[in-house]
Structure formats: C-alpha cells, structure tokens
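Listed below are the residues making up each chain.
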Amino acid sequence: MEPQFKPVADHALLVTFSEVISEEAHAAVIALDQAIASDVPHGVIETVPALVNLLVSFDPIQTDHSAVENRLRSLLKGLESQKIIGVDRHVQVCYEGDFAPDLEAVATATGLSQEAVINAHLTGDFHVLMYGFSPGYAYLSGVPEAIQVPRKPAPVRGVPAGSVIIAGPQCLITTLTMPTGWSIIGRSPTPIFTGNPDHPFLFDVGDRVVFERVDLKTYEELCGEQVDG
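*Asks:* I keep staring at the overall build of the protein and nothing clicks. Help me out?
*Replies:* The number of helices and strands found in the protein is five helices and 13 strands. Principal axes of the C-alpha set define a box for the protein whose edges measure 60 × 35 × 35 Å. Long-range contacts, defined here as pairs at least 24 residues apart, represent 61% of the contacts in the protein between residues at least 6 apart. Summed over its atoms, the accessible surface of the protein is roughly 12,000 Å², and 52% of this surface lies on carbon and sulfur atoms. One way to put it: in the protein the 13 positive side-chain charges average out to a point 2 Å from where the 29 negative ones average out.

Here it is, written out as structure tokens:
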C-alpha cells in the first residue's frame, strides 16, 4: 500500500493510505502512528489518526514538509513486521427503558427481538478507529451486520452523555449532551473522561472495546445516583 503525502498549511503533513475505508488502510495508519510515537521525528508535535490517513503536525521553525516526509518514509519501511498494539477497554451498558429509546425500532428494522439486538451488540468486535466531532467522541468499528441500521432522517436533540449509539457499522459512546441521528440502544456508566491531562480519554486509537451488560440497579450503583422512571 503506497501512501500519498500532502502538505497541509506550513505546519503539517497528511499521509493517506487509501481513498476507501478498509481494515488494511486503518491498520497502516495505526502502525505509522505507533512508530512515530516510539521514535518521534525532529520537530514533530502531534499526530492525529483517522480512518485512512494520519495528520502529522510539526514546528515549521524546526523542520519542514520535506524533512518530515523523508523521516516518515524511513519509518514506513519497517512497518510490515510490526504488530498493532491495542488495549482491551471494558465498557458497561444498560439497555433498559429510557436508556434505549431506539432499541425497539432497531429490532423492528432488523427483524430481530430486542434481546437478540442486545446480544448481537455485546458480541461485536469493536475497535477505536478515530476521535472526532466532540471531546472524547471515539468512533468504533465492529457493529455486527445483523443490527446495522442507517442514520435517522432527522437528529434528536438533548441526547444524554453516556448514550450508546449505532449507525451502519459504527458505534459511539457520547460524552456530552448533544444531538444525534444515530440509534440510541443503551447508556453506559463507564467514565470516558479520565481526568488525566496526559491521557484524557479512556480509549486510544487501535484499542479494542468490550461491552458488558449491566442492569438498572448496577448502573445506579456505578453512577452513585438513582434514575427516575
């Protein structure tokens, strides 16, 4: 897979591995991101991995596009033998009542029972692809094909933080109260914000996310609050 390099302003370089989203392209993104983290090129300040590309920001006083590209090409030569290292992150989900307002609609759309939808979600092979849209908003791949549904025709406002939402093959856990057109199938008590400025979010790109079912009582205990209704 031959990457393309594109200068972005005077302080960044965009490395694109494919025009089409694929596991191979994303694996290459993560491998390069981890290689940079292990051996940071001179002047590089930050990397931002996405679905098929990696943005590499640098200090233009210390280096330039050509020097950064040459260093990245050198790192790319040894990536084939590197294994992508991710951590398993466990996230609890309550699929009950008001926490899952779209569970019935997803069941109807897929021809499954609500319990079958929940079980399918719990068995998904979820991986963090990228961050975007809002702080801590991690896009996960891995929604099983049997429960993949499109976005809603119109978004819903005021969706609470911690909502577990799906659209197509992707899943998210919201971190703020916000609008969404994705289907809301549960709510998680697991904190995504860590409070650690050096590692502010629970996930890193490349991590695997394992969802674990909890009932309403356990949710309340984990959150330290009682849920009305």
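*Asks:* Before we go on, may I ask you to explain the packing of aromatic side chains in this structure?
*Replies:* Aromatic ring pairs are described here by two measures, namely the spacing of the ring centres and the angle between the planes. Here the structure, examined in full by the defined rule, presents seven aromatic pairs. Aromatic side chains tyrosine 131 and phenylalanine 201 sit 5.1 Å apart centroid to centroid with 35° between the ring planes, which places their arrangement in the tilted category. Linking tyrosine 131 in strand S6 (residues 126–131) with phenylalanine 201 in the loop between strand S12 (183–187) and strand S13 (208–213), this pair joins segments that are 70 residues apart in sequence. Owing to a relative accessible area of 22%, phenylalanine 201 belongs among the partly exposed residues under this scheme. Pairing tyrosine 139 with tryptophan 182 gives two aromatic rings, centres 6.2 Å apart and planes at 70°, and the pair type is edge-to-face. Taken together, the residues span a long stretch of sequence, with tyrosine 139 in strand S7 (residues 138–141) and tryptophan 182 in the loop between strand S11 (178–180) and S12 at a distance of 43 residues. With a relative accessible area of 6%, tryptophan 182 lands in the buried category. Aromatic ring contacts, followed pair by pair, group Phe133, Tyr137, Tyr139 and Trp182 into a single cluster.

*Asks:* Whenever I open this one, the sheet that holds strand S2 (residues 12–16) confuses me. Can you help?
*Replies:* Across a sheet, paired strands are connected by hydrogen bonds in the backbone, their directions being either parallel or antiparallel. Pairing in this open sheet of four strands is antiparallel, and the strands run S1-S2-S4-S3 from one edge to the other. For this open sheet the edge positions go to strand S1 (4–8) and strand S3 (44–49), each flanked by a neighbour on one side alone. On average, each strand axis in the sheet is tilted by 20° relative to the strand beside it, whichever way the strands run. Of the pairings in the sheet, the one linking S3 to strand S4 (residues 53–58) comprises five bridges and is antiparallel in character. Counted as the bridge partner of glutamate 46 is serine 57 from S4.

*Asks:* Sorry, what's going on with the pairing of S2 here?
*Replies:* On any regular strand, side chains alternate: one points to one face of the sheet, the next to the other face. Along S2, four of the five residues are buried, which leaves the element largely enclosed by surrounding structure. Relative to S2, S1 is paired through five bridges, and the arrangement is antiparallel. Looking at S2, one finds that phenylalanine 5 is bridged to valine 15. Once S1 ends, the chain turns through three residues before running back antiparallel as S2, passing alanine 9 with a positive phi of about 55°. As paired strands, S2 and S4 are joined by five bridges and run antiparallel to one another.

Cut-offs and rules
- Residues numbered from 1 in each chain as written.
- Predicted model: local features only at pLDDT ≥ 70, side-chain atom pairs only at ≥ 80, totals over all residues.
- Heavy atoms only, no water.
- Helix = DSSP H or I, 4+ residues; strand = E, 2+ residues; numbered from the N terminus.
- Contact = heavy atoms within 4.5 Å.
- Areas by Shrake-Rupley, 256 points an atom, 1.4 Å probe, with all protein chains shown as cover.
- Lys, Arg positive; Asp, Glu negative; His and termini not counted.
- Charge placed at Lys NZ, Arg CZ, Asp CG, Glu CD.
- Phe/Tyr/Trp six-rings, centres within 6.5 Å; stacked < 30°, edge-to-face > 60°.
- Buried < 20%, exposed > 50% of the residue type's maximum accessible area, 1.4 Å probe, protein only.
- Pairing = 2+ DSSP bridges.
- Axes fitted to C-alpha atoms, helices over the stretch in contact; angles between N-to-C directions.

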